[in-house]
Amino acid sequence: MGDLPSLRQKIDSLDTIIVNLLNERAQVSLDIGATKKSLAAESSDGRSEEKQPHVYMPSREKEIYDKLSTHNRGPLNNDSLNAIFREIISASISLQQDVSVAYLGPPGTFSHQAAYDKLGDSVAYVPQKQISAVFDAVEKGRTTYGLVPYENSTFGSVVETLDRLMLTETKIRAETYLTVHQCLLSNSKLSDIKKIYSHPQGLGQVQSYLSANCPNAERITVKSTAEAAQLAALETGAAAICSSICASLYGLEIVAQDIEDVKTNTTRFLLIGTASDRPTKNDRSLIRFTVDHRQPGALCDGLKVFKDQNLNLSKIDSRPSRQRPWHYVFFVECSGHAEDENVQQAVKDMEKYCLDVCVLGSYADQRPE
Ligand SMILES: O=C(O)C(=O)C[C@]1(C(=O)O)C=C[C@@H](O)C=C1
């Protein structure tokens, strides 16, 4: 212990050291940016990642965060330290390049929160009216990256995202998880609520709450939870299922908080860009394929290649192809990275049994423990 003025003086001199060190780090980051650009210019193998260097490197960030927790002796806890470094790295990214991230808007959606948690305060976030517009923004080069909801632990896959993954040429660069707490926001009393707006996922995650507390209210699906909040703010007797952040953003009261049916309710998001990141030794890949449905065993043969290559399958989805009735596009998620030999072999083998196969991307496994 010491007297307050001298303790504060100590903080002042430490802050000066920290500022100098932060600027030293920022300068190294600028040097990394310049090196990446010249490597890209030299590269002639035509890979898009090298032609257009990627400033956001989730694989490298994973190494940094792992090291931070190993070196951390306290009293700061790892969460605080990670949050500080999230912003240091966010600033580092924006020094190297103007980075923008499209997300399902308007501001206040869970996508917005997830994007912000992943890339920090120094990059630009660009709201889009619907999930397909997030893909459009990246495909047309209007934003550097896009963030889309992929699946929820309570309500399952986000079909709009799967339907757009069916067509896209973007690549998945990272995944991220967000614990989702749903709220009922309205400027009316619970007993006066006649209409409830939300995204289908929002309504799907609070079914028990709604059946028990507002069984007669009309449930209306809209493009996003924050759009629901905007609409609810315009009408008496209307409510929205969305995040608590929307209360202050759109001038609504929190009628009920944490109303999700399952307390561990979590949404998984995918960050899309023009290329995947390098392998981290703990990656997963998402693969899209179609099979000839008239050929007995085609789907089974297509899936067996993963077992043959000792690759674990963690998720499988199918969506109507929209080309022909009762024709499906399949999505499988497997362990490994597209640059791993066994994943490459599996894809090669799949091509024997499938009509077409496309690796949608490989990304570091970020599943929460
Ligand atoms: O190592 C890199 O490739 C960097 O660009 C540097 C840096 C950093 O600030 O540490 C910046 C952004 C990346 O997402 C990862 C790391």
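Here is what the cut-offs are and how they apply
- Residues numbered from 1 in each chain as written.
- Predicted model: local features only at pLDDT ≥ 70, side-chain atom pairs only at ≥ 80, totals over all residues.
- UniProt positions renumbered as here; feature names shortened; annotations may be inferred.
- Domains from an automatic or database assignment.
- Near = placed C-beta within 6 Å.
- Helix = DSSP H or I, 4+ residues; strand = E, 2+ residues; numbered from the N terminus.
- Pairing = 2+ DSSP bridges.
- Axes fitted to C-alpha atoms, helices over the stretch in contact; angles between N-to-C directions.
- Parallel < 35°, antiparallel > 145°, perpendicular 65-115°, else oblique.
- Left-handed = near helix turned anticlockwise from the far one by under 90°.
- Contact = placed C-beta atoms within 7 Å.
- Nonpolar A, V, L, I, M, F, W, Y, C, P; charged D, E, K, R; others polar.
- Buried ≥ 20, exposed ≤ 12 C-beta atoms within 10 Å, placed from the backbone.
- Core = buried A, V, L, I, M, F, W, Y, C linked by C-beta atoms within 7 Å.

For the protein, the name recorded in an unreviewed UniProt entry is Bifunctional chorismate mutase/prephenate dehydratase, with Mortierella isabellina as its organism. Per UniProt, the comment on the protein under Function (unreviewed entry) is "Catalyzes the Claisen rearrangement of chorismate to prephenate and the decarboxylation/dehydration of prephenate to phenylpyruvate." UniProt annotates the protein under Subcellular location (unreviewed entry) with the comment "Cytoplasm".

### Description of the domain arrangement of the protein
Domain assignment breaks the protein into domain 1 (16-97), domain 2 (183-259) and domain 3 (279-364). The gap between the C-alpha centroids of domain 1 and domain 3 is 33 Å.

### Some words on the site of the ligand
The full set of residues close to the ligand is Ser 29, Ile 32, Val 55, Tyr 56, Met 57, Arg 60, Glu 61, Ile 64, Ile 89, Ser 92, Ile 93 and Gln 96. Contributions of two or more residues to the shell around the ligand are made by α1 (4-42), α3 (58-71) and α4 (78-96). At four residues, α4 tops the list of elements feeding residues into the shell around the ligand.

### A closer look at the sheet that holds strand β8 (residues 218-221)
Reading across from one edge, β8-β7-β9-β6-β10 is the order of the five strands in this open sheet, with mixed pairing throughout. Because the sheet does not close on itself, it has two edges, and the strands there are β8 and β10 (253-256). On average, each strand axis in the sheet is inclined to that of its neighbour by 35°, with strand direction left out of account. Relative to β8, strand β7 (residues 195-198) is paired through four bridges, and the arrangement is parallel.

### Concerning the packing of helix α12 (residues 298-308) against helix α13 (residues 341-353)
It is at 9 Å that the axes of α12 and α13 come closest, and there the two elements cross at 165°. With respect to each other, α12 and α13 are oriented roughly antiparallel. Judged by the sense of rotation from one axis to the other, the crossing of α12 with α13 is right-handed. Every residue of α13 that contacts α12 at Ala 298, Asp 301, Gly 302, Val 305, Phe 306 and Asp 308 is listed here: Ala 346, Asp 349, Met 350 and Tyr 353. Here the contact of α12 with α13 is built from residues that sort into six nonpolar, one polar and three charged.

### Focus: the environment of Phe 85
Tracing the chain through its elements places Phe 85 in helix α4. Take Phe 85: there are 16 C-beta atoms within 10 Å of it, and that puts it in the partly exposed class. When neighbours within four sequence positions are excluded, Phe 85 is seen to be in contact with Ile 64, Tyr 65 and Leu 68.

### Concerning the packing of α3 against α4
Where α3 contacts α4, the two axes come as close as 10 Å, and the packing angle between them is 145°. Considering only the axes of α3 and α4, their crossing is right-handed. Note on element contacts: α4 touches α3 through Asn 78, Leu 81, Asn 82, Phe 85 and Ile 89, opposite Glu 61, Ile 64, Tyr 65, Leu 68 and Ser 69.

### Section: the nonpolar core
Counting residues in each nonpolar core, the largest one holds 52 residues, and the members touching the most others are Val 101, Val 134, Leu 147, Val 148, Ile 272, Ile 287 and Met 350. In terms of residue count, strand β15 (residues 354-364) provides more of this core than any other element does, six residues in total. Dropping the residues within four chain positions of it, Val 134 is found in contact with Ala 102, Tyr 103, Leu 104, Gln 128, Gly 146, Leu 147 and Val 148. Counting residues in hydrophobic clusters, the runner-up holds 23 residues, among them Leu 184, Cys 214, Ile 241 and Cys 242.

### Some thoughts on the pairing of β7
The pairing of β7 with strand β9 (residues 238-242) spans three bridges and is classified as parallel. If you follow Tyr 197 over to β9, its bridge partner there is Ala 240.

### Regarding unusual backbone geometry
With omega at 5°, the peptide bond leading from Gly 74 into Pro 75 counts as cis. Tracing the backbone shows Pro 75 in the loop between α3 and α4. Phi is positive for Asn 310, which is not a glycine, with a value near 60°. Relative to the elements of secondary structure, Asn 310 occurs in the loop between α12 and β13 (313-320). For Asn 310, a count of 10 C-beta atoms within 10 Å translates into the label exposed. A positive phi angle is found at Arg 322, which is not glycine, with a value near 70°. By secondary structure assignment, the location of Arg 322 is in the loop between β13 and β14 (328-335). Judged by the 11 C-beta atoms lying within 10 Å of it, Arg 322 is exposed.

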